[in-house]
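Breakdown of the fold
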Amino acid sequence: MGKDLLTIALFGAALAAAAALTESGVALTFVMMSLYAALLSQAWNILGGYGGQLSFGHALFFGVGAYAQALGQLNLGINPWLALPMAIALGALVGLAVGGLTFRYGLKGSYFALVTLAFAEVFRILALSVSFTGGGVGLMVPLQEGLANMQFGSRRGYIYLLLAFVLLALAVTAWLRHSRFGAYLQAVRDNEDAARAIGVNPLRVKLGGIALSAAFMSAAGAFYVQVFQYIDPGIAFGSAVSVEALVGAIVGGLGTLWGPVLGAVTLHALSDLTRNLFGELPGISMVIYGVVLIVIVMFLPRGITGSGQALSGLFRAKERVRV
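Residues numbered from 1 in each chain as written. Predicted model: local features only at pLDDT ≥ 70, side-chain atom pairs only at ≥ 80, totals over all residues. Heavy atoms only, no water.

1. Quick word on the UniProt feature "transmembrane region" (unreviewed entry) in the chain
- The UniProt record marks residues 54–72, 78–99, 111–137, 157–176, 205–225, 245–270 and 277–300 with the feature "transmembrane region" (unreviewed entry), using the residue numbering of this structure.
- Helix makes up 100% of residues 157–176 and strand 0%, with an end-to-end C-alpha separation of 29 Å. (UniProt positions renumbered as here; feature names shortened; annotations may be inferred. Helix = DSSP H or I, 4+ residues; strand = E, 2+ residues; numbered from the N terminus.)

2. Considering the environment of alanine 83
- Here alanine 83 lies in helix α4 (residues 80–103).
- Once the C-alpha coordinates of alanine 83 and arginine 180 are considered, the two residues, 97 residues apart in sequence, prove to be 32 Å apart.
- Those residues in contact with alanine 83 that lie beyond four places of it in its chain are Gln69 and Ile78. (Contact = heavy atoms within 4.5 Å.)

3. A few points about the pattern of salt bridges
- Throughout the structure, instances matching the rule amount to 6 salt bridges.
- Salt-bridge contacts for aspartate 4 lead to arginine 177; the nearest nitrogen and oxygen are separated by 3.2 Å. Within this pair, whereas aspartate 4 is found in helix α1 (residues 2–21), its partner arginine 177 is found in helix α6 (residues 155–178), the two being separated by 173 residues in sequence.
- The class for aspartate 4 is buried, based on a relative accessible area of 14%.
- What you see here is one network of salt bridges that share partners, running through Glu192, Asp193, Arg196 and Lys206. (Salt bridge = Lys/Arg side-chain N within 4 Å of Asp/Glu carboxyl O. Buried < 20%, exposed > 50% of the residue type's maximum accessible area, 1.4 Å probe, protein only.)

4. Details of empty space enclosed by the protein
- Taken as a whole and judged by the stated rule, the model has 2 cavities of 30 Å³ or more.
- Each pocket or cavity is described by its volume, and for the largest cavity that value is around 40 Å³.
- Together, Leu84, Met150, Leu161, Leu162, Phe165, Ala222, Phe223 and Gln226 line the largest cavity.
- Listing elements by their share of the lining of the largest cavity, those giving two or more residues are α6 and α9 (202–228). (1 Å grid on protein atoms, 1.4 Å probe; cavity = no way out; pocket = protein on both sides within 12 Å on 5 of 7 lines; lining within 4 Å. Points joined across faces, edges and corners; volume = space filled by probe spheres on them.)

5. Considerations on the environment of phenylalanine 123
- Relative to the helices and strands, phenylalanine 123 resides in helix α5 (residues 110–129).
- Spatially, the C-alpha atom of phenylalanine 123 lies 9.8 Å from that of glycine 238, the residues being 115 residues apart in sequence.
- In contact with phenylalanine 123, other than residues within four places in its own chain, are Leu60, Val64 and Phe237.

6. Structural notes on the packing of aromatic side chains
- In the structure shown here, the tally under the stated rule is 12 aromatic pairs.
- Taking the centre distance of 5.1 Å and the plane angle of 70 degrees together, the rings of phenylalanine 11 and tryptophan 258 count as edge-to-face. Of this pair, phenylalanine 11 sits in helix α1 while tryptophan 258 sits in the loop between α11 (239–252) and α12 (259–278); the two residues are 247 residues apart in sequence, bridging distant segments of the chain.
- A relative accessible area of 24% means that phenylalanine 11 is categorised as partly exposed.
- An angle of 20 degrees between the planes, with centres 5.0 Å apart, marks the rings of phenylalanine 103 and phenylalanine 112 as stacked.
- Phenylalanine 103 gets classed as buried once you look at its relative accessible area, which sits at 5%. (Phe/Tyr/Trp six-rings, centres within 6.5 Å; stacked < 30°, edge-to-face > 60°.)

7. Observations concerning a nonpolar patch on the surface
- Judged by side-chain polarity, Leu262, Val287, Val291, Ile294, Val295, Met298, Phe299, Leu300 and Ile304 come together as a nonpolar surface patch covering roughly 810 Å² of accessible area.
- Sorting elements by how many residues they give to the nonpolar patch places helix α13 (residues 284–299) first, with 6 residues.
- Within the fold, valine 295 resides in helix α13.
- With a relative accessible area of 40%, valine 295 lands in the partly exposed category. (Patch = residues over 30% accessible without salt bridge, like charges linked within 9 Å, V, L, I, M, F, W, Y side chains within 5 Å. Areas by Shrake-Rupley, 256 points an atom, 1.4 Å probe, with all protein chains shown as cover.)

8. Overview of the packing of helix α2 (residues 25–50) against α9
- Interhelical geometry of α2 versus α9 gives an angle of 160 degrees and a closest axis separation of 7 Å. The angle between the axes of α2 and α9 places the two elements in the roughly antiparallel class. Here the hand of the crossing between α2 and α9 comes out left-handed.
- Here the residues of the contact of α2 with α9 are counted per class, giving 19 nonpolar, 2 polar and 1 charged. (Axes fitted to C-alpha atoms, helices over the stretch in contact; angles between N-to-C directions. Parallel < 35°, antiparallel > 145°, perpendicular 65-115°, else oblique. Left-handed = near helix turned anticlockwise from the far one by under 90°. Nonpolar A, V, L, I, M, F, W, Y, C, P; charged D, E, K, R; others polar.)

9. Examining the side chain of arginine 156
- Mapped onto the elements, arginine 156 comes out in helix α6.
- Although buried, arginine 156 forms no salt bridge, and the nearest oppositely charged side chain, glutamate 23, lies 4.0 Å from it.
- Ignoring any residue separated from it by four or fewer positions in sequence, one finds arginine 156 in contact with Ala19, Ala20, Thr22, Glu23 and Leu28. (Lys, Arg positive; Asp, Glu negative; His and termini not counted.)

10. Description of the environment of glycine 248
- For glycine 248, the location among the structural elements is in helix α11.
- The spatial distance from the C-alpha of glycine 248 to the C-alpha of glutamate 192 is 26 Å, given a sequence separation of 56 residues.
- If we ignore the near neighbours within four places in the chain, the residues touching glycine 248 are Ser41, Gly259, Pro260, Gly263, Ala264 and Leu267.

What follows is the structure, given as structure tokens:
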């Protein structure tokens, strides 16, 4: 684990230094949005990659975090820095509640995926129906620029904040790779009955996985509110967030440390490229995501990172045979 943590620290230091030295607003925006997408993908990867519980409704936790961050400031008068941990904790609690209702009754695979999608849709309808969420109009956080209000004068401040969460998510993922809990989570993913036979409690392990995943997803929702200062039910609980999270993890490589980061950056770069080439065509990013996902599933089922590792291992094996 020490090697993983060192790599994560070096990655963070290099990116922070690059952000400090870059004056291009376009480059800073690209870095910020790539980190945002990486956080979404890494959050999904904890439950979907390491836990094997494929969710189609992770926007549920994103939306809970986003609305908690906005409502904490607007309705309760809480400072954004204090609202942030509250939003993350609320997201984790919602994750536990959803996990308790689904895992307790043995829902998994496509059934779990559809149930999470249904939960996200129910929350979207509720957010449209009640007044304190602003209904279809949504909520707008007032502009109060300053460090104390978590509203920075440039993208650089948001990059540092988001980088801290991405590094924490990477550290948690590295811990999952080497800890007993992570071994239990992967054992449940591979064969739940066999894991139960050796004394693992699948329900408890999956609840821990969904709570961790939901916490980071809620952090991404809170970050979105602070950057764009607006949220509505379609953004918060819509399918676009769930798709962005799962596609980034799948393209990069499920159950890997760096796969979600690589997948998120690749897809974001591809999205920017298509936008520059084809203009603001409606839905072009979703079309690209769909095509890329089909290609990856067909030809690189282990994702970019997993396939690269397999190819590297094959070359090493051939070199050993030659020697």
